[in-house]
Amino acid sequence: MAIYLPGTQEEQELALDELTPREIVSELDKYVVGQHAAKRAVAIALRNRMRRQKLAPELAEEIMPKNIIMIGPTGVGKTEIARRLARLANSPFLKVEASKFTEVGYVGRDVESIVRDLVEIAIDMVREERLEEVEDKAELNAEERLLDLLLPPTPSPSTAGLALGTGDGERSGSDSQSRTREKLRQQLREGKLDERMVELDVRERSMPAFEIISNQGAEEMDINIKDMLPNIFGQRTKKRKMKVSEAFEYLIQEEEQRLIDMDQVTRTAVERVEQSGIVFLDEIDKIAGREGGHGPDVSREGVQRDILPIVEGTTVNTRYGMVRTDHILFIAAGAFHVSKPSDLIPELQGRFPIRVELQSLTIEDFIKILTEPKSSLVKQYTALLETEGLKLEFSRDALDEVANFAFRVNESTENIGARRLHTIMERVLDEISFAAPEMSKESKDKVLVDAAYVKKMVADIAKDQDLSRYIL
């Protein structure tokens, strides 16, 4: 589901730097149908981020990101646009529901956990990048350690042995062991030794049971217990017998962790969060409310006031140090059926200067969603059933019928956008998915899904509007 730029981190940044807003929109078009205004807004925001990085540090520090509010019904592509943008930019990305947070003093998550979670995501991203860089070296080191287990090295000749004139014999023995080691290396690479058993020192993963009593939530305790108690966690080893194939994987992981400098990973991750992090605040319309004196409105406005410092720029204390939020890009989204953006507190409105409205999906949009994106629904279902040896094909009129039916149900019941297609496709392919193993043996040709078959599968639901309200 991702856009990945090839090559090293430097090459990725170079390739991203060359993307114009028009090209960014073209990349987003490969995964999200329509919504040109929203794509245009996020493309400009991403390009401005690149432009800012080329400025003098004093001026760059003053330029704040232009946060965006996306307004539109569910299922039209708001989340997907933000997610694809983050992947294109190779940025740490976090999606959170604004309605999950509660005002300070109430029981619930506090808004600073947004930044803590984003840092954890960034650390995972950077660690994965470093793992790819050291992968080859880790495999070579693991191979040498495994060969040492299979053929322990002989002790070096002593000075006394050399004095007695035994040096030639030692050299001969050394050559013989070297040849044997190379033979074992070849067999190891060919997989001929995979089932052989070796004894390995492995770290114990068990942790002693104890309880920490605190009036803070776990996410607020910015301490690393493992660092505090190094002699208890992860330092003990024990002998364990395992197959060569398992030992090789274990040693590779151990070598990868040894080759990675986690302090550098942490520093890079924190910098990436501060300079290129993206937070998607979904359901922001659920907390849109002005103070009414009592009831839930007070809590909603309290959450807005708690979110405000994070959005306008503050410093959050995490277990990895202080993290500034001044240049994190915030993309908020909501349907705004009941409330409207002007119901947000003025201070928060001012921190989201860009407003884009996403349109409800048309029948033509549904047809494009079914077929055009790189990971379209038709491609997904075709690939899934092909694993059973069943070749599935959809006729054009079948796709038209699915799109029409999705559009009608959205209009007559709740409009859930493109998510309706998932429900209907599951209903249409219910019998085929269930009987696919048997059908693949009986039919050598393609299984065609046409409009008549689609109508047959959804006919009963289409007749009963009350039933369709619950099933679709």
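Within any chain, residue numbers begin from 1 and follow the written order of that chain's sequence. The predicted origin of the model limits local features to residues at a pLDDT of at least 70 and limits the giving and counting of side-chain atom pairs to 80 or more, whereas totals for whole chains, interfaces and linings rest on all residues. Calculated side-chain values reflect all of the structure's heavy atoms, with hydrogen atoms and water omitted.

A. Broad picture of the environment of Asp136. Inspection of the secondary structure puts Asp136 in helix H6 (residues 113-150). Overall, Asp136 belongs to the exposed group, its relative accessible area being 58%. With 120 residues separating them in the primary sequence, Asp136 and Glu256 have C-alpha atoms 9.5 Å apart. Under the DSSP-based scheme used, a helix requires at least four consecutive residues in state H or I and a strand at least two consecutive residues in state E, with every element numbered from the N terminus. Note on exposure labels: buried denotes an accessible area under 20% of the residue type's maximum, exposed denotes more than 50%, and partly exposed covers the range between, all computed with a 1.4 Å probe on protein chains only.

B. Inspection of the environment of Ile252 at higher detail. With respect to the secondary-structure elements, Ile252 resides in helix H10 (residues 244-259). In sequence terms Ile252 and Ala142 are 110 residues apart; their C-alpha atoms lie 5.2 Å from each other. Whether two residues touch is decided by their heavy atoms; if any such pair falls within 4.5 Å, the residues are in contact. Among residues more than four places away in sequence, those in contact with Ile252 are Ala138, Glu139 and Ala142.

C. View of the confidence of the model for the protein. With 78% of its residues at a pLDDT of 70 or more, the protein has an overall mean of 78. pLDDT is defined as a per-residue confidence score from the predictor, taking values between 0 and 100. Taken as a whole, residues 1-14 scores under 50 in pLDDT and shows 22 contacts with residues more than four places along the chain or in a different chain. Considering only residues more than four positions removed or in separate chains, one finds that residues 291-296, a stretch of pLDDT under 50, has 4 contacts.

D. Structural detail: unusual backbone geometry. Positive phi, normally seen in glycine, also occurs at Gln35, with a value near 55 degrees. In this structure, Gln35 sits in the loop between helix H2 (21-29) and helix H3 (36-53). By relative accessible area, which is 10% here, Gln35 ends up buried. A positive phi angle, close to 60 degrees, is found at Glu283, a residue other than glycine.

E. Focus on the nonpolar core. Nonpolar core, defined: a set of buried Ala, Val, Leu, Ile, Met, Phe, Trp, Tyr and Cys residues in which side-chain atoms within 4.5 Å join the residues together. Counting residues in each nonpolar core, the largest one holds 64 residues, and the members touching the most others are Ile24, Met70, Ile331, Leu429, Ile432 and Val449. Residues contacting Ile24, with those up to four places away along its chain left out, are Leu19, Ala43, Leu46, Met50, Leu85 and Leu88. With 41 residues, the next largest nonpolar core counts Val134, Ile260, Ile328 and Phe336 among its residues.

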